[in-house]
Amino acid sequence: MPLLRRVLPVLARVIATSRQRGVLDVLASSGRWGRQWVTGRPRPGRAPGVFAWGGRTLPYFAHRYHYTWLNERAVEVSLALDLLEQHPGADVLEIGNVLGHYADVTHAVVDKYEQAPGVLNADVADLDLSRDFDLVLAISTLEHVGLDEDVIDPNKPARAIERLRAHVRPGGMLWITHPLGYNTTFDDQLRSGRIPSSRLRALRRDARRNVWREVPPDEVWGTSYDRLLYTAHAVLVVEMDAPQIV
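Residues numbered from 1 in each chain as written. Predicted model: local features only at pLDDT ≥ 70, side-chain atom pairs only at ≥ 80, totals over all residues. Heavy atoms only, no water.

Undergrad: Would you mind showing me how to read the overall build of the protein chain here?
TA: For the protein chain, the count of helices and strands is five helices and ten strands. For the protein chain, whose C-alpha radius of gyration is 18 Å, the value lies close to the compact-globule estimate of 18 Å for 246 residues. For the C-alpha atoms alone, the extent of the protein chain along its principal axes is close to 60 × 45 × 40 Å. Looking at the protein chain residue by residue over its 246 residues, the buried ones come to 43%. For the protein chain, long-range pairs separated by at least 24 residues make up 65% of all intrachain contacts whose partners lie at least 6 apart in sequence. (Helix = DSSP H or I, 4+ residues; strand = E, 2+ residues; numbered from the N terminus. Rg over C-alpha atoms; globule rule 2.2 N^0.38 Å. Buried < 20%, exposed > 50% of the residue type's maximum accessible area, 1.4 Å probe, protein only. Contact = heavy atoms within 4.5 Å.)

Undergrad: Explain the packing of aromatic side chains to me, please; I cannot follow it from the model alone.
TA: The geometry of an aromatic ring pair comes down to the distance between the two centres and the angle between the two planes. Tallying each qualifying case throughout the model produces six aromatic pairs. Relative to Y225, the ring of Y182 lies with its centre 5.1 Å away and its plane at 85 degrees, an arrangement referred to as edge-to-face. Here Y182, found in the loop between β7 (168–179) and α5 (184–192), pairs with Y225, found in the loop between β9 (212–215) and β10 (234–241); they are 43 residues apart in sequence, far enough to count as distant. Given the relative accessible area of 13%, Y225 is considered buried. Centroid distance Y225 to Y230: 6.5 Å. Interplanar angle 50 degrees. Geometry classified as tilted. Note on Y230: relative accessible area 42%, which makes it partly exposed. Taken together, the ring pairs connect F61, Y65 and Y102 into an aromatic cluster. The ring of W53 has R201 lying over it, and the distance from NZ or CZ to the ring centre is 3.8 Å. Positioned over the ring face of Y182 is R227, at 4.8 Å from the centre of the ring. (Phe/Tyr/Trp six-rings, centres within 6.5 Å; stacked < 30°, edge-to-face > 60°. Lys NZ or Arg CZ within 6 Å of the ring centre and 35° of its normal.)

Undergrad: How should I be thinking about helix α4 (residues 156–165) in this particular structure?
TA: Residue pairs three or four apart in sequence face the same way in an α-helix, which turns once every 3.6 residues. Looking only at α4, the buried set comprises K156, P157, A158, A160, I161 and L164. Buried residues along α4 sit against β3 (92–95), β6 (133–139), β7, α5 and β10.

Undergrad: Help me out: how do you make sense of the pairing of β3 in this one?
TA: On any regular strand, side chains alternate: one points to one face of the sheet, the next to the other face. A two-sided burial pattern is seen for β3, the buried positions comprising V92 and E94 on one face and L93 and I95 on the other. Here β3 runs beside β6; their pairing, made up of four bridges, is parallel. Residue pairing for β6: I95 is matched across the bridge by A138. Note: β3 against strand β4 (residues 108–110), three bridges, orientation parallel. Its bridge partner being in β4, I95 is matched across the sheet by V110. (Pairing = 2+ DSSP bridges.)

Undergrad: Is there a simple way to think about α5 in this case?
TA: Here α5 has its buried residues at F186, D187, Q189 and L190. For α5, the arc enclosing every buried residue in end-on projection is 165 degrees, short of the 170-degree limit, so these residues lie on one face. With respect to the buried face of α5, the exposed residues turned more than 90 degrees away are R191 and S192. Turning to α5, the residues buried within the fold contact α4, β7, β8 (199–205) and β10. Where α5 terminates, the next one or two residues include G193, which has phi positive at roughly 90 degrees. (Arc of directions from axis to C-beta.)

Undergrad: Explain the pairing of β8 here, please?
TA: Summarising the sheet, β8 and β10 pair through six bridges and their orientation is antiparallel. Bridge pairing in β10 links A202 to L236. Across four bridges, β8 lies against β9 in antiparallel orientation. What sits directly across from A202, in β9, is V215. Hairpin connection of β8 to β9: six residues between the antiparallel strands.

Undergrad: Is there a simple way to explain the nonpolar core in this structure?
TA: With 31 residues, the main nonpolar core has I95, V136, L142, I161, L164, L174 and L236 as its most contacted residues. Broken down by secondary-structure element, the contributors of at least two residues to this core are β3, β6, α4, β7, α5 and β10. The residues contacting V136, other than those within four sequence positions of it, are L93, I95, L164, H167, V168, M173, L174 and W175. Formed by 27 residues, the second largest nonpolar core is a distinct cluster that contains F51, L83, L99 and W175. (Core = buried A, V, L, I, M, F, W, Y, C linked by side-chain atoms within 4.5 Å.)

Undergrad: Explanation requested: the sheet that holds strand β5 (residues 119–120) in the structure shown.
TA: Either a parallel or an antiparallel arrangement is found when strands of a sheet pair, and the pairing is made through backbone hydrogen bonds. Here we have eight strands laid out as an open sheet, ordered β5-β4-β3-β6-β7-β10-β8-β9, and mixed in their pairing. At either margin of the open sheet sits one strand with a lone partner, and together these are β5 and β9. In the packing of α4 onto the sheet, the strands contacted are β3, β6, β7 and β10, and the crossing angle to β7 comes to about 150 degrees. (Axes fitted to C-alpha atoms, helices over the stretch in contact; angles between N-to-C directions.)

Encoded structure:
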(Lines give C-alpha, C1' and ligand atoms only; values in the text may rest on other atoms or scores of the structure.)
Protein backbone atom coordinates (compact mmCIF):
# COMPACT_ATOMS: atom_id res chain seq x y z
CA MET A 1 0.00 0.00 0.00
CA PRO A 2 2.75 2.60 0.77
CA LEU A 3 4.35 1.78 -2.59
CA LEU A 4 1.01 2.21 -4.34
CA ARG A 5 0.55 5.63 -2.75
CA ARG A 6 3.91 6.66 -4.17
CA VAL A 7 3.36 5.17 -7.63
CA LEU A 8 -0.14 6.49 -8.33
CA PRO A 9 0.78 10.23 -8.28
CA VAL A 10 3.73 9.56 -10.59
CA LEU A 11 1.52 7.60 -12.98
CA ALA A 12 -1.07 10.38 -12.97
CA ARG A 13 1.65 12.93 -13.72
CA VAL A 14 2.97 10.85 -16.64
CA ILE A 15 -0.51 10.48 -18.12
CA ALA A 16 -1.31 14.19 -17.76
CA THR A 17 2.00 15.24 -19.30
CA SER A 18 1.62 12.73 -22.15
CA ARG A 19 -1.72 14.29 -23.05
CA GLN A 20 -0.19 17.74 -23.03
CA ARG A 21 3.19 17.11 -24.67
CA GLY A 22 2.78 13.77 -26.40
CA VAL A 23 4.00 10.30 -25.53
CA LEU A 24 7.21 10.56 -27.57
CA ASP A 25 8.26 13.76 -25.82
CA VAL A 26 7.61 12.19 -22.40
CA LEU A 27 9.63 9.10 -23.35
CA ALA A 28 12.52 11.25 -24.63
CA SER A 29 12.51 13.45 -21.51
CA SER A 30 12.39 10.43 -19.22
CA GLY A 31 15.23 8.79 -21.12
CA ARG A 32 17.44 11.89 -20.83
CA TRP A 33 16.63 12.13 -17.12
CA GLY A 34 17.61 8.50 -16.62
CA ARG A 35 20.91 8.86 -18.47
CA GLN A 36 21.80 12.04 -16.60
CA TRP A 37 20.81 10.46 -13.29
CA VAL A 38 23.36 7.71 -13.91
CA THR A 39 26.15 9.78 -15.42
CA GLY A 40 25.83 12.80 -13.12
CA ARG A 41 25.66 11.14 -9.70
CA PRO A 42 28.14 12.71 -7.26
CA ARG A 43 31.31 10.69 -6.87
CA PRO A 44 34.46 11.40 -4.83
CA GLY A 45 36.98 13.49 -6.71
CA ARG A 46 34.56 14.51 -9.41
CA ALA A 47 34.20 18.24 -10.09
CA PRO A 48 30.54 19.30 -10.46
CA GLY A 49 31.24 22.16 -12.87
CA VAL A 50 30.65 25.90 -12.48
CA PHE A 51 28.24 28.64 -13.49
CA ALA A 52 28.63 32.41 -13.79
CA TRP A 53 26.81 34.69 -11.38
CA GLY A 54 27.24 38.43 -11.12
CA GLY A 55 30.70 38.37 -12.67
CA ARG A 56 31.85 35.57 -10.38
CA THR A 57 32.12 31.82 -10.87
CA LEU A 58 30.34 29.48 -8.47
CA PRO A 59 30.36 25.68 -8.36
CA TYR A 60 27.23 23.71 -9.06
CA PHE A 61 26.04 21.98 -5.92
CA ALA A 62 26.03 18.20 -6.27
CA HIS A 63 24.29 16.04 -3.69
CA ARG A 64 22.28 12.83 -3.81
CA TYR A 65 19.38 14.23 -1.80
CA HIS A 66 16.75 15.50 -4.24
CA TYR A 67 19.14 14.70 -7.15
CA THR A 68 20.58 18.21 -7.27
CA TRP A 69 22.61 17.49 -10.40
CA LEU A 70 19.31 17.17 -12.31
CA ASN A 71 17.43 20.27 -11.22
CA GLU A 72 17.51 23.84 -9.90
CA ARG A 73 18.93 22.80 -6.54
CA ALA A 74 22.31 22.72 -8.29
CA VAL A 75 22.30 26.52 -8.44
CA GLU A 76 19.91 27.43 -5.63
CA VAL A 77 21.85 25.70 -2.86
CA SER A 78 25.15 26.97 -4.22
CA LEU A 79 23.84 30.54 -4.22
CA ALA A 80 22.38 30.21 -0.73
CA LEU A 81 25.58 28.80 0.76
CA ASP A 82 27.57 31.54 -0.95
CA LEU A 83 25.17 34.12 0.51
CA LEU A 84 25.73 32.75 4.01
CA GLU A 85 29.50 32.88 3.49
CA GLN A 86 29.18 36.55 2.56
CA HIS A 87 27.32 37.26 5.82
CA PRO A 88 29.46 35.63 8.52
CA GLY A 89 27.97 35.99 11.96
CA ALA A 90 24.58 37.08 10.63
CA ASP A 91 21.44 36.14 12.49
CA VAL A 92 19.64 34.00 9.89
CA LEU A 93 16.11 32.66 9.50
CA GLU A 94 15.39 30.07 6.81
CA ILE A 95 11.84 29.46 5.60
CA GLY A 96 11.50 25.87 4.44
CA ASN A 97 13.83 23.20 5.75
CA VAL A 98 16.16 22.97 2.74
CA LEU A 99 19.78 23.68 3.65
CA GLY A 100 19.67 21.31 6.60
CA HIS A 101 19.53 18.42 4.13
CA TYR A 102 22.82 19.51 2.56
CA ALA A 103 24.92 21.15 5.28
CA ASP A 104 25.22 21.57 9.01
CA VAL A 105 23.15 24.61 9.88
CA THR A 106 22.80 26.45 13.15
CA HIS A 107 20.34 29.12 12.07
CA ALA A 108 16.62 29.23 12.84
CA VAL A 109 14.37 27.25 10.49
CA VAL A 110 10.58 27.45 10.03
CA ASP A 111 8.73 24.82 8.03
CA LYS A 112 4.98 24.30 8.26
CA TYR A 113 5.05 20.58 7.56
CA GLU A 114 8.48 18.96 7.88
CA GLN A 115 9.26 17.41 11.23
CA ALA A 116 12.96 17.66 12.07
CA PRO A 117 15.13 18.59 15.06
CA GLY A 118 15.39 22.34 15.46
CA VAL A 119 12.64 23.07 12.92
CA LEU A 120 9.71 25.19 14.07
CA ASN A 121 6.42 24.11 12.52
CA ALA A 122 4.45 27.28 11.80
CA ASP A 123 2.48 28.87 8.97
CA VAL A 124 4.68 31.52 7.38
CA ALA A 125 1.70 33.77 6.62
CA ASP A 126 0.98 34.04 10.37
CA LEU A 127 4.59 34.11 11.52
CA ASP A 128 5.38 36.10 14.65
CA LEU A 129 8.68 35.15 16.27
CA SER A 130 8.96 38.29 18.40
CA ARG A 131 12.47 38.87 17.05
CA ASP A 132 14.18 40.11 13.90
CA PHE A 133 16.96 38.73 11.72
CA ASP A 134 19.78 40.09 9.57
CA LEU A 135 18.96 37.68 6.75
CA VAL A 136 15.77 35.79 5.96
CA LEU A 137 16.00 33.31 3.11
CA ALA A 138 13.63 30.91 1.35
CA ILE A 139 14.75 28.39 -1.26
CA SER A 140 11.95 27.28 -3.60
CA THR A 141 9.42 27.39 -0.79
CA LEU A 142 7.07 30.35 -1.11
CA GLU A 143 5.62 29.15 -4.43
CA HIS A 144 3.92 26.34 -2.47
CA VAL A 145 2.25 28.72 -0.04
CA GLY A 146 -1.47 29.04 -0.74
CA LEU A 147 -1.16 26.54 -3.62
CA ASP A 148 -0.10 23.13 -2.28
CA GLU A 149 -2.36 23.44 0.74
CA ASP A 150 -5.86 22.35 1.67
CA VAL A 151 -7.17 25.88 1.10
CA ILE A 152 -6.10 27.52 -2.18
CA ASP A 153 -5.31 31.20 -1.64
CA PRO A 154 -3.49 33.04 -4.47
CA ASN A 155 -2.78 36.03 -2.23
CA LYS A 156 -1.18 34.06 0.58
CA PRO A 157 2.41 34.32 -0.75
CA ALA A 158 2.13 38.12 -0.67
CA ARG A 159 0.94 38.01 2.94
CA ALA A 160 3.75 35.62 3.82
CA ILE A 161 6.32 37.99 2.33
CA GLU A 162 4.88 40.86 4.36
CA ARG A 163 5.34 38.81 7.52
CA LEU A 164 8.90 37.87 6.54
CA ARG A 165 9.91 41.44 5.75
CA ALA A 166 8.59 42.43 9.16
CA HIS A 167 11.19 40.05 10.64
CA VAL A 168 14.15 41.66 8.82
CA ARG A 169 16.27 44.10 10.79
CA PRO A 170 17.18 47.50 9.34
CA GLY A 171 20.02 46.96 6.90
CA GLY A 172 19.03 43.32 6.45
CA MET A 173 17.48 41.47 3.54
CA LEU A 174 14.86 38.92 2.54
CA TRP A 175 16.34 36.60 -0.12
CA ILE A 176 14.16 34.23 -2.15
CA THR A 177 14.69 31.77 -4.96
CA HIS A 178 11.57 31.13 -7.00
CA PRO A 179 11.10 28.52 -9.76
CA LEU A 180 9.14 30.19 -12.53
CA GLY A 181 6.07 28.45 -13.90
CA TYR A 182 5.22 26.49 -10.77
CA ASN A 183 2.90 29.14 -9.34
CA THR A 184 1.98 31.43 -12.22
CA THR A 185 -0.06 33.77 -10.03
CA PHE A 186 2.99 34.37 -7.88
CA ASP A 187 5.01 34.89 -11.08
CA ASP A 188 2.56 37.57 -12.25
CA GLN A 189 2.59 39.32 -8.87
CA LEU A 190 6.37 39.58 -8.96
CA ARG A 191 6.43 40.67 -12.60
CA SER A 192 3.80 43.38 -12.13
CA GLY A 193 5.38 44.72 -8.94
CA ARG A 194 2.32 43.89 -6.88
CA ILE A 195 4.86 42.06 -4.73
CA PRO A 196 7.64 44.66 -4.79
CA SER A 197 11.30 43.72 -4.75
CA SER A 198 14.55 45.63 -4.38
CA ARG A 199 16.37 43.52 -6.98
CA LEU A 200 15.39 40.75 -9.39
CA ARG A 201 17.90 38.46 -11.07
CA ALA A 202 17.39 35.30 -13.08
CA LEU A 203 18.95 32.05 -14.21
CA ARG A 204 17.85 29.98 -17.20
CA ARG A 205 18.40 26.26 -17.66
CA ASP A 206 19.54 24.65 -20.87
CA ALA A 207 16.62 22.79 -22.48
CA ARG A 208 18.30 19.38 -22.35
CA ARG A 209 20.98 19.61 -19.66
CA ASN A 210 21.18 20.91 -16.12
CA VAL A 211 23.40 23.79 -17.21
CA TRP A 212 22.44 27.27 -16.07
CA ARG A 213 23.33 30.82 -17.10
CA GLU A 214 22.40 34.19 -15.70
CA VAL A 215 20.03 36.19 -17.91
CA PRO A 216 17.94 39.36 -17.52
CA PRO A 217 14.58 38.65 -15.82
CA ASP A 218 12.73 39.91 -18.91
CA GLU A 219 14.03 36.85 -20.77
CA VAL A 220 12.43 34.28 -18.46
CA TRP A 221 8.90 35.50 -17.73
CA GLY A 222 6.42 32.92 -18.97
CA THR A 223 8.87 30.01 -18.72
CA SER A 224 7.06 26.74 -18.08
CA TYR A 225 7.76 24.42 -15.17
CA ASP A 226 8.41 20.76 -16.04
CA ARG A 227 5.79 18.98 -13.94
CA LEU A 228 6.78 15.59 -15.30
CA LEU A 229 10.28 15.74 -13.82
CA TYR A 230 9.63 18.43 -11.18
CA THR A 231 12.31 20.64 -12.66
CA ALA A 232 12.35 24.40 -13.20
CA HIS A 233 13.72 25.85 -16.43
CA ALA A 234 14.13 29.33 -14.97
CA VAL A 235 14.74 30.58 -11.45
CA LEU A 236 14.27 34.08 -10.09
CA VAL A 237 16.47 35.36 -7.29
CA VAL A 238 14.44 37.95 -5.44
CA GLU A 239 16.04 40.34 -2.96
CA MET A 240 13.99 42.59 -0.70
CA ASP A 241 15.66 45.08 1.57
CA ALA A 242 14.29 45.72 5.05
CA PRO A 243 11.36 48.16 5.12
CA GLN A 244 12.24 51.75 5.79
CA ILE A 245 11.53 52.86 9.35
CA VAL A 246 9.38 55.98 9.28
